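Each chain is listed here by its residues.
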Amino acid sequence: MGSEVLAAIIDYFAQNKHAFVKGVIAEILDAVPELSDPSFHEIVAVNATESLDLFLDVLANGLDPQSISPSSLAIANVERAVTDGVPLTAILRAYRVGHGRMLSTCLAEMPADAPGAAEAMIEVVNLSGSHNGRVTEQITALYEDRLTQRVRTDEAIRRQWITRLLNDAEPDVAQAESALGYRLSGSHLAVEAWADDTADADALPKVVTVLRQVLPGVDDVLVLGGESQQRIWLRLPAAVRVDHDELAKRLCINGLRVAVGRRGEGLDGFRSAARTAARVKELARSAPHEPQVVLFDDVASVALLADEPADLAAFVAAVLGSLADDDARCEQLRETIRAFLAANCSY
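Residues numbered from 1 in each chain as written. Predicted model: local features only at pLDDT ≥ 70, side-chain atom pairs only at ≥ 80, totals over all residues. Heavy atoms only, no water.

**Here's the deal with the nonpolar core**
Going by this rule: Nonpolar cores were defined as sets of buried Ala, Val, Leu, Ile, Met, Phe, Trp, Tyr and Cys residues, with membership established by side-chain atoms within 4.5 Å. Partly exposed describes any residue whose relative accessible area lies between the buried limit of under 20% and the exposed limit of over 50%, with all areas from a 1.4 Å probe on protein chains only and scaled to the type maximum. In DSSP terms, a helix is any run of H or I states spanning at least four residues, a strand is any run of E spanning at least two, and both are numbered starting from the N terminus. Contact definition: two residues touch when any of their heavy atoms are within 4.5 Å.
Of all hydrophobic cores here, the largest spans 45 residues; its most connected members are Ile9, Phe13, Ile28, Leu35 and Val124. Broken down by secondary-structure element, the contributors of at least two residues to this core are helix H1 (3–31), helix H2 (41–61), helix H3 (72–84), helix H4 (88–109) and helix H5 (117–167). Once residues lying within four places of it in the same chain are set aside, the contact partners of Leu35 are Ile28, Leu29, Phe40, His41, Val44, Val86 and Ala94.

Below is the structure:
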């Protein structure tokens, strides 16, 4: 690159660096609302300054843009963005804004009549593009790596708390609710969703969407994921009625199979909902015709008769109501009904 052109660019930024960075920050904050919170302003300033310094190093010292690695500050800022839920698209947009401003300033400050100005312009554009491509490529890889780690950590914590809720005699309900973002009071419905072919697992997130559509008023949703399966809890207002026919129809999602458990109340209901959904799933997987959607109410007697006496008793009580009461009058009524049914409903 012509020395006169290079000197003009370096001299401009040496004299106007503070004003330039300030302008870049303002433009980024205006273009990227996800970074408008004051707590991000310092991060934007650090990244803008560092990007400018790196590019000037490329121009002045012939540094190969492909040899650039993110600084410890850049890494820390990406980690902060992942922690605070700033999307990758917002970060890359900020880098694009800064890159565009830097390139346009370089071109504007080139002396047009200097020897080799045209060639220098082409070189600056190429170096700028290579520099920006390298930076955004590394930021993307770093963000995705940290996000994967975060998801795995969150999933591990979620599994740990769910295991405690399902198995501990007296779990810390308040702490579990805080960790999971899911309230344990109220009514719960559990759903098991899975893909027999892992190629269809990408459709699993659709299950929660459908459940929210079919069950209006869902308060909280808790999802425990796997590679090709999900266990989902939904906290429902007491007044919400579950339309089983609509639920069965809407949950027919290509490539997925779904088992819906019995609705339950409180912590015990959270547990029984999961237990019955898992039992329905076992029945669905063992059925020779491989049903796509199975609801607890459709297979309750089979699902509970063998190995869940407590849940079977709860089901009988729910179906019979006061007829299941343990007193002489109800016993007489039950015997009358048995005789009626034994006689093929003949009077």
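Continuing now.
**Let's talk about the packing of aromatic side chains**
The test is simple: Under the pairing criterion, centres of Phe, Tyr and Trp rings, with the six-membered ring standing for Trp, must be within 6.5 Å; the plane angle then separates stacked pairs below 30 degrees from edge-to-face pairs above 60, leaving the rest tilted. Either the NZ atom of lysine or the CZ atom of arginine qualifies as a charge over a ring when it sits within 6 Å of the ring centre and within 35 degrees of the ring normal.
In the structure shown here, the tally under the stated rule is four aromatic pairs. Consider the rings of Trp233 and Phe270, whose centres lie 4.5 Å apart with planes at 15 degrees: the pair is stacked. With Trp233 in strand S3 (residues 229–236) and Phe270 in helix H9 (residues 266–286), this pair connects stretches of sequence that are 37 residues apart. Here Trp233 matches Phe270 in class, with each residue buried. Taken together, Tyr12, Phe13 and Phe20 form an aromatic cluster joined through their ring pairs. Taking the ring centre of Trp161 as reference, the NZ or CZ of Arg164 above it sits at 4.5 Å.

**With respect to the environment of His131**
As for its placement among the helices and strands, His131 is situated in helix H5. A residue is classified by how much of its surface remains accessible, and His131, at 3% relative accessible area, is buried. Among residues more than four places away in sequence, those in contact with His131 are Ser51, Leu54, Phe55, Pro65, Ile68 and Met102.

**Let's talk about the side chain of Asn47**
Note the threshold: We call two N or O atoms a polar contact when they sit within 3.5 Å, provided that within protein one can donate a hydrogen and the other can accept it, with sequence-adjacent residues counted only if both atoms are side-chain atoms.
With respect to the secondary-structure elements, Asn47 resides in helix H2. A distance of 3.0 Å separates the side chain of Asn47 from the side chain of Asn77, its partner in a polar contact. If we skip the residues at most four places from it in the chain, Asn47 touches Ala74, Asn77 and Tyr95.

**Remarks on the pairing of strand S1 (residues 187–194)**
Regular strands place side chains that alternate from one sheet face to the opposite one. Test applied: Two strands form a pair only when DSSP identifies at least two bridges running between them.
Counting buried positions along S1 gives eight out of eight residues, so the element sits mostly inside the fold. Direction of pairing for S1 relative to S3: antiparallel, over a ladder of eight bridges. Residue pairing for S3: Ala190 is matched across the bridge by Trp233. The pairing of S1 with strand S5 (residues 264–265) spans two bridges and is classified as antiparallel. For His188, the partnering residue across the bridge sits in S5 and is Gly264. As judged from the four bridges shared by S1 and strand S4 (residues 257–260), these two strands associate in the antiparallel manner. Note on S4: the bridge partner recorded for Ala193 is Val258.

**Examining empty space enclosed by the protein**
Rules: Only protein atoms enter the 1 Å grid used here, on which a cavity is any set of points holding a 1.4 Å probe that cannot leave and a pocket is any open set flanked by protein within 12 Å on both sides along at least five of seven lines; residues with an atom within 4 Å of a point are listed as lining. Grid points are joined across faces, edges and corners, and a volume is the space filled by probe spheres set on the points. For this classification, Asp, Glu, Lys and Arg are treated as charged, while Ala, Val, Leu, Ile, Met, Phe, Trp, Tyr, Cys and Pro are nonpolar and the rest, including Gly, are polar.
Summed over all chains, the structure comprises two cavities of 30 Å³ or more. Estimated volume of the largest cavity: approximately 370 Å³. Ile28, Asn47, Ala48, Ala94 and Tyr95 are, among the 26 residues lining the largest cavity, the residues nearest its centre. Elements represented by at least two residues in the lining of the largest cavity include exactly H1, H2, H3, H4 and H5. When grouped by side-chain class, the residues that make up the lining of the largest cavity number 19 nonpolar, seven polar and no charged. By volume, the second largest cavity is sized at about 90 Å³. Lining the second largest cavity are 13 residues, with Glu50, Leu54, Ala74, Tyr95 and Val135 positioned closest to its centre. If you list the elements that add at least two residues to the lining of the second largest cavity, you get H2 and H5. For the lining of the second largest cavity, the element with the most residues is H2, which contributes four residues. Of the residues belonging to the lining of the second largest cavity, the class tally is seven nonpolar, five polar and one charged.

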